[in-house]
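Report on the structure
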Amino acid sequence: MQIPFIDLKTQYLALKSNIDQRIQKVLDSGAYINGPEVLELEKKLAEYTGAKYAIACASGTDALIMPMMALGIKPGDEVITTAFSFVATAETIAFLGAKPVYIDIDKDTYNLNLKELAKAITPKTKGIIPVSLYGQPCEMDEINRLAAEKNLWVLEDAAQSFGASYKHRKSCNLSTAAATSFYPAKPLGCYGDGGAIFTNDETLAKAMKEIRDHGSESRYFHTRLGINGRLDTIQCTILIAKLERYDWEFTQRNRIASRFNENFASLQSKGVTIPVIKSDRQSCWAQYTLSVPDRPRLQKHLTELGIPTAVHYPRTIPDQPWYKENTPVAAEAIPNARWAAEHVISLPLYPDMTDEIQKRITDGVLTAYR
Ligand SMILES: *Cc1c(COP(=O)(O)O)cnc(C)c1O
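Cut-offs applied
- For every chain, the first residue of its written sequence is number 1, and the numbers climb from 1 along that sequence.
- Per-residue local features are limited, in this predicted model, to residues with pLDDT of at least 70; the limit for side-chain atom pairs, both in listing and counting, is 80 or more; totals at the level of whole chains, interfaces and linings are taken over all residues.
- In computing side-chain values, all of the structure's heavy atoms are included and hydrogens and water are not.
- Two strands pair if DSSP finds at least two bridges between them.
- Strands are runs of DSSP state E lasting at least two residues, helices are runs of H or I lasting at least four, and both sets are numbered from the N terminus onward.
- For every element, the axis is a line fit to its C-alpha atoms; helices are fit only across the contacting stretch, and the angle between N-to-C directions ranges from 0 to 180 degrees.
- In what follows, residue pairs with any heavy atoms lying within 4.5 Å of each other are defined as contacts.
- Crossing handedness is read from the near helix: turned anticlockwise from the far helix by less than a right angle, it gives a left-handed crossing, and turned clockwise, a right-handed one.
- The residue classification treats Ala, Val, Leu, Ile, Met, Phe, Trp, Tyr, Cys and Pro as nonpolar and Asp, Glu, Lys and Arg as charged. All others, Gly included, are polar.
- Here's how the labels work: a residue is buried when its accessible area is under 20% of the maximum for its type, exposed when over 50%, partly exposed in between, all with a 1.4 Å probe on protein chains only.
- Here the term cavity refers to a set of points on a 1 Å grid, laid over the protein atoms alone, in which a 1.4 Å probe fits but cannot get out; the term pocket refers to an open set having protein on both sides within 12 Å along at least five of seven lines, with lining residues being those that place an atom within 4 Å of a point.
- Grid points are joined across faces, edges and corners, and a volume is the space filled by probe spheres set on the points.
- The domain limits used here are those given by an automatic or database domain assignment.

Looking at the sheet that holds strand β8 (residues 177–181)
- Here we have seven strands laid out as an open sheet, ordered β1-β9-β8-β5-β4-β2-β3, and mixed in their pairing. Edge positions in the sheet fall to β1 (53–57) and β3 (99–103), since each of these pairs with one other strand and no more. Direction aside, the axes of adjacent strands within the sheet are offset by 25 degrees on average.
- Of the pairings in the sheet, the one linking β1 to strand β9 (residues 195–199) comprises five bridges and is antiparallel in character. Note that in β9 the partner of Tyr-53 across the bridge is Thr-199.
- Where helix α3 (residues 60–70) meets the sheet, its contacts fall on β1, β4 (125–129), β5 (153–157), β8 and β9, and the angle it forms with β8 comes to roughly 165 degrees.
- Running over the sheet, helix α7 (residues 202–212) touches β1, β8 and β9 and is turned about 15 degrees from β1.

Printed below as a string of structure tokens:
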């Protein structure tokens, strides 16, 4: 039997009557845009993360664009970010005309390296986008300290880390602003594209809300440049329903990841690296990612056993064709990111994974190294 990489169907069946009723209510109401469920979701997201303001929006990509617009980013500005992330992290910087400055990662967490970060700051630097990759926040106190010293903003790319925490504070509430994604495969996903922005800064929140609605302060009165960045009411209801069991899902993801880690600890002698979560934080396990010396062989072995795998990500961002040409990086600047791009492999991990499937996956990996 083929194992799914993520099982969204079982999750839907567990919540079906809740979700169906909420969607039906919106269908009957006709308030498809800006319905009351948008504010209800925003209130719940703020409560969950501890951030003062949560603003629902159309995607994780828009959730990165809108804070940068509100913060006044312009051509010629530099934004420091990791070379090893989903492309949207750097795409949004370049889209706004600014320059992504890529720095290398640490090999244990795949998150940005703080020494490199300090070195990359120039008079043109306006902000830092740390990415909480695979669900684990970066060393945020140190990043915030560096930023405060140089008067920079920090925008957490929390697309993969909703629910994670750092020193008992939730991801999305760790910096000037944060962006998360509700793409279906993310830890908290809706049934289409979606995202949210978080901040504790009232002025910034007001600006981002206006930008989300074509830069309008009130109806047909446009005081700034904006976009259509709204999240549909129906998607909000799905997220409200899913939030009700999110704590259980978070615990499940952590349980399964611990089980994988215990099973794979013995493979370290074979050159396999298991995920490392720092003791002062909790991951929400958006991905369970190993690095292995022989990725194509392991992938083939697992495929034959009906176990799908994925590679997050097969190239660093500055090694992507458009980025290579338009946002190049010094040849020797990102050795760890390039190493990761060649060696990482993600295994299926989702809250509803049965014990039997967990065992098939661990057995599948272990037999590859027997
Ligand atoms: C998914 C993702 C995004 C983009 O989110 P979308 O909702 O797909 O626009 C941005 N950054 C990271 C790290 C992501 O994983």
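Considerations on the packing of helix α2 (residues 36–49) against helix α8 (residues 233–243)
- Interaxial distance between α2 and α8 falls to 8 Å at its minimum, and their mutual angle equals 35 degrees. Regarding α2 and α8, the two cross each other, and that crossing is left-handed. Taken together, the residues of α8 that come into contact with α2 (itself represented by Glu-37, Val-38, Glu-40, Leu-41, Lys-44, Leu-45 and Tyr-48) are Thr-233, Cys-236, Thr-237, Leu-239, Ile-240 and Leu-243.
- Along the lines of polarity and charge, the residues of the contact of α2 with α8 split into eight nonpolar, two polar and three charged.

A short note on the pairing of β9
- Burial analysis of β9 places five of its five residues in the buried class, which makes it a mostly covered element.
- Relative to β9, β8 runs antiparallel, the two sharing five bridges. Within β9, the position partnered with Ala-179 by the bridge is Ile-197.

Some details on the layout of surface pockets
- Space inside the largest pocket adds up to approximately 450 Å³.
- Lining of the largest pocket is provided by 28 residues; of these, Phe-86, Ala-159, Ser-181, Tyr-183 and Lys-186 occupy positions nearest its centre.
- When residues of the lining of the largest pocket are assigned to domains, at least three fall in each of domain 1 (8–240) and domain 2 (246–368).
- Lining the second largest pocket are 16 residues, and of these Val-101, Tyr-102, Ile-103, Ala-120 and Ala-333 lie nearest its centre.
- Counting residues per element, the lining of the second largest pocket draws most heavily on β3, at five residues.
- Among the residues making up the lining of the second largest pocket, the classes are represented as ten nonpolar, one polar and five charged.
- Summarising the domain contributions, the lining of the second largest pocket has at least three residues from each of domain 1 (8–240) and domain 2 (246–368).

Structural notes on the sheet that holds strand β7 (residues 169–170)
- Overall, antiparallel pairing links the three strands, which are arranged β7-β6-β12 in an open sheet. Looking at the sheet topology across the chains shown, the edges are occupied by β7 and β12 (281–282).
- Of the strand pairs in this sheet, strand β6 (residues 165–166) and β12 are connected by two bridges, and their pairing is antiparallel. Looking across to β12, one finds that Ser-165 is bridged to Gln-282.

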